[in-house]
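Residues per chain are reported as follows:
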Amino acid sequence: MTVEDYYRRVTDVILDLTEVERADLEGKRRTTEVVDARWMIVKLLREAGYYPTQIAPVMKMTVRQVQSIISTFDIRLRYSDLIFRSNYEAASKILRSN
């Protein structure tokens, strides 16, 4: 499966769970919900084995931004609210079961 195909699959799951609009996710909005959704997508793509250099173009980010998200995700997860954690865990479970 290509990174673009898996990105669409992960994005669909995250959009369903978070109720964030696709236009907001792909645009420049920086609300907490949108940023959380982007972070979850990056982390799930990395867990699927894709490299930051593969993730950055599909997320329209720099490689450095992707690396920063990956390196600080666990800290953010630990100190975030319950919604972020539960959405991430639910998305991870859905993607593993498919």
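Criteria and cut-off values
Residues numbered from 1 in each chain as written. Predicted model: local features only at pLDDT ≥ 70, side-chain atom pairs only at ≥ 80, totals over all residues. Heavy atoms only, no water. Helix = DSSP H or I, 4+ residues; strand = E, 2+ residues; numbered from the N terminus. Buried < 20%, exposed > 50% of the residue type's maximum accessible area, 1.4 Å probe, protein only. Contact = heavy atoms within 4.5 Å. Phe/Tyr/Trp six-rings, centres within 6.5 Å; stacked < 30°, edge-to-face > 60°. Lys NZ or Arg CZ within 6 Å of the ring centre and 35° of its normal. 1 Å grid on protein atoms, 1.4 Å probe; cavity = no way out; pocket = protein on both sides within 12 Å on 5 of 7 lines; lining within 4 Å. Points joined across faces, edges and corners; volume = space filled by probe spheres on them. Nonpolar A, V, L, I, M, F, W, Y, C, P; charged D, E, K, R; others polar.

### Quick word on the environment of Val-3
In this structure, Val-3 sits in helix α1 (residues 3-18). The exposure class assigned to Val-3 is buried, which follows from its relative accessible area of 10%. Each C-alpha atom, one on Val-3 and one on Pro-57, is 9.8 Å from the other, the two residues being 54 residues apart in sequence. Ignoring anything within four residues of it in the chain, the contact list for Val-3 reads Tyr-50, Gln-54 and Val-58.

### What about the side chain of Asp-36?
Among the structural elements, Asp-36 can be located in helix α3 (residues 32-47). On the basis of relative accessibility, which here comes to 12%, the residue Asp-36 falls in the buried class. With near-sequence residues (within four places) excluded, Asp-36 lies in contact with Arg-76 and Phe-84.

### Side note on the packing of aromatic side chains
To describe a pair of aromatic rings, one takes the distance between the centres and the angle between the planes. Tallied over the full model, the rule gives three aromatic pairs. Summarising the aromatic geometry, the rings of Tyr-6 and Tyr-50 are spaced 5.9 Å apart at their centres and angled 35° between planes, so their arrangement reads as tilted. Of this pair, Tyr-6 sits in helix α1 while Tyr-50 sits in the loop between α3 and α4 (52-59); the two residues are 44 residues apart in sequence, bridging distant segments of the chain. Both residues of the pair, Tyr-6 and Tyr-50, count as buried. Ring-pair connections join several aromatic residues into one group, and the members of that group are Phe-73, Phe-84 and Tyr-88. The side chain of Arg-76 reaches across the aromatic face of Trp-39, ending 4.4 Å from its centre.

### A short note on the layout of surface pockets
When its volume is computed, the largest pocket comes out at roughly 430 Å³. For the largest pocket, the lining is made up of 16 residues, of which Gly-27, Arg-38, Lys-60, Met-61 and Gln-65 are closest to its centre. For the lining of the largest pocket, the secondary structure elements donating two or more residues are α2 (22-26), α3, α4 and α5 (63-79). No other element matches the three residues that α3 contributes to the lining of the largest pocket. Of the residues contributing to the lining of the largest pocket, the split by class is eight nonpolar, two polar and six charged.

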